[in-house]
Amino acid sequence: MAEAAGFEFPSIPVSWVKRDLLVFANSIGATKDELHFLYELHPSFTAFPTYPIILSFKHTDQEVVDFYARSSGGPSIPGVPKLDPRRIVDGQRQLTVIKPIPATSAGKTFELRGKVIGVYDKGRSGTVTEIQHELIDKSTGEVYTRILSSSFAVGQGGWGGPKGPKGVNYPPPERKPDAIFTYQTTEEQALLYRINGDYNPLHADPTIGTKMGFPGAILHGLCTWNVAARGVLRMLGNSEGERLKSFQARFAAPVMPGDKLVTEMWVTGAKEDGAEEVRFMTRVEGGKVVLSNGRALLTKVEKKAESKL
Ligand SMILES: CCCCCCC[C@@H](O)CC(=O)SCCNC(=O)CCNC(=O)[C@H](O)C(C)(C)COP(=O)(O)OP(=O)(O)OC[C@H]1O[C@@H](n2cnc3c(N)ncnc32)[C@H](O)[C@@H]1OP(=O)(O)O
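To keep things clear, this report deals only with the structure shown in the data block. Note that residues are indexed from 1 along each chain, following the sequence as it is written. Per-residue local features are limited, in this predicted model, to residues with pLDDT of at least 70; the limit for side-chain atom pairs, both in listing and counting, is 80 or more; totals at the level of whole chains, interfaces and linings are taken over all residues. Based on all heavy atoms of the structure, the side-chain values leave hydrogens and waters out of the count.

**Side note on the environment of Ser150**
Part 1 of the reasoning: A run of DSSP states H or I qualifies as a helix once it reaches four residues; a run of E qualifies as a strand once it reaches two. Both are numbered from the N-terminal end. Here Ser150 is to be found in strand β5 (residues 142-154).
Part 2 of the reasoning: Taking the C-alpha atoms as reference points, Ser150 and Val89, separated by 61 residues in sequence, lie 9.1 Å from one another.

Structure follows, in structure tokens:
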């Protein structure tokens, strides 16, 4: 098992154009008062700061790809049994902004360099694979973004691997939230979000969702995660992309397209690298917590009075 940790994947060339940024901002519900994420001629036009999260799915694609073929096509991780991509869900994600990305990758040679942090056997529950990716400009070696991902292979545990370290939890303070952001997803939200490059049929074909025990096609965990990122930035960072330095959360329960998402957030007063800590939690209205362990780092936190649908 020692061989799995540190295993490096072949680097993946990635690219994007302004149009991809527009699709992304639309797919996470950006509104006309966030025009700088939606209109390429806006004087402050910029990528929504979590956009790089999509690049491990998109690569350099302009066309739809076969998700399963791509997910099973990569190299095997040493010491770990082959996992069935049809029964893998996203577990958690952390994105750290090191340098904001340009509005298009044209003129640079970006790639994602990925390595395994650990693969953990959770017994009957499944297997957790933790991978770190860095978005790097190959020609200069500059790192733009660091992403830590955990995927959860449901029911595919019990192969004798290590259980893994105890995770760090970021529970919200026990007081009223400092801001609340509500977003009504549509029945077609996942069909729109997949155009970013995550073509997992789990988000389109209801029969695949029901085989995994869900009520139908579920929303991409990262769509919920990015909606929450937009909410935190909107409510506490005046929708100024450069203020978001880090964003992370655990996918605690699935979301169905059409659900209303309620993100509660707390400014804790803690500081890290000159940014302020925000903890957050997202629920489906009146129901389950769907994003737990939410934590963001923002510079110049300022509260907005009201949430916007
Ligand atoms: C190669 C192809 C890559 C594909 C990438 C995916 C692409 C996307 O398109 C797919 C998606 O977007 S899927 C949608 C988003 N994800 C979800 O909806 C998952 C929601 N969560 C769940 O269903 C359960 O929490 C569940 C099932 C995750 C866990 O529930 P339980 O089995 O009840 O687990 P539990 O008993 O609570 O815990 C067991 C151990 O696992 C750890 N753990 C739990 N949830 C985790 C999570 N979300 N991420 C990472 N680790 C997690 C627990 O800490 C526990 O470990 P330990 O015993 O060591 O404490």
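**Focus: the pattern of salt bridges**
Part 1 of the reasoning: When a carboxyl oxygen of Asp or Glu is within 4 Å of a side-chain nitrogen of Lys or Arg, the pair counts as a salt bridge. Tallied over the full model, the rule gives 15 salt bridges.
Part 2 of the reasoning: A salt bridge links Asp33 to Arg234; the shortest N-O distance between them is 2.8 Å. On the criterion of sequence distance, the pair formed by Asp33 in the loop between α1 (18-27) and α2 (55-58) and Arg234 in helix α6 (residues 221-236) is long-range, its members being 201 residues apart.
Part 3 of the reasoning: A salt bridge links Arg175 to Asp178, with the nearest nitrogen and oxygen atoms 3.1 Å apart.
Part 4 of the reasoning: A 1.4 Å probe rolled over the protein chains alone gives each residue an accessible area, and that area as a share of the maximum for its type sets the label: buried under 20%, exposed over 50%, partly exposed in between. Among the residues examined, Arg175 registers a relative accessible area of 39% and is labelled partly exposed.
Part 5 of the reasoning: Here the salt bridges share partners, and the residues they tie into one network are Asp33, Glu34, Arg230 and Arg234.

**Focus: the sheet that holds strand β1 (residues 12-13)**
Part 1 of the reasoning: One open sheet holds the ten strands; their spatial order is β1-β3-β4-β5-β2-β7-β10-β9-β8-β6, and the pairing between them is antiparallel. Only two strands of the sheet have a single partner each, and these edge strands are β1 and β6 (179-184).
Part 2 of the reasoning: Pairing of strand β8 (residues 260-272) with strand β9 (residues 275-284), which is carried by nine bridges, proceeds in the antiparallel orientation. Residue Val262 lies in a different strand from β9, and its bridge partner there is Arg283. When DSSP finds two or more bridges between two strands, those strands count as paired.

**What about the nonpolar core?**
Part 1 of the reasoning: Ranked by size, the top nonpolar core spans 67 residues in total, and within it Tyr51, Leu135, Leu236, Phe247 and Met265 carry the most contacts.
Part 2 of the reasoning: When near neighbours in sequence (up to four residues on either side) are disregarded, Leu236 contacts Ala179, Arg243, Met265, Val267, Val278, Leu298, Lys300, Val301, Glu302 and Lys303.
Part 3 of the reasoning: We call a set of buried Ala, Val, Leu, Ile, Met, Phe, Trp, Tyr and Cys residues a nonpolar core when their side-chain atoms join them within 4.5 Å. Listed in part, the eight residues of the second largest apolar core include Ile77, Val80, Val116 and Ile131. Here, residues are in contact when the closest pair of their heavy atoms is within 4.5 Å.

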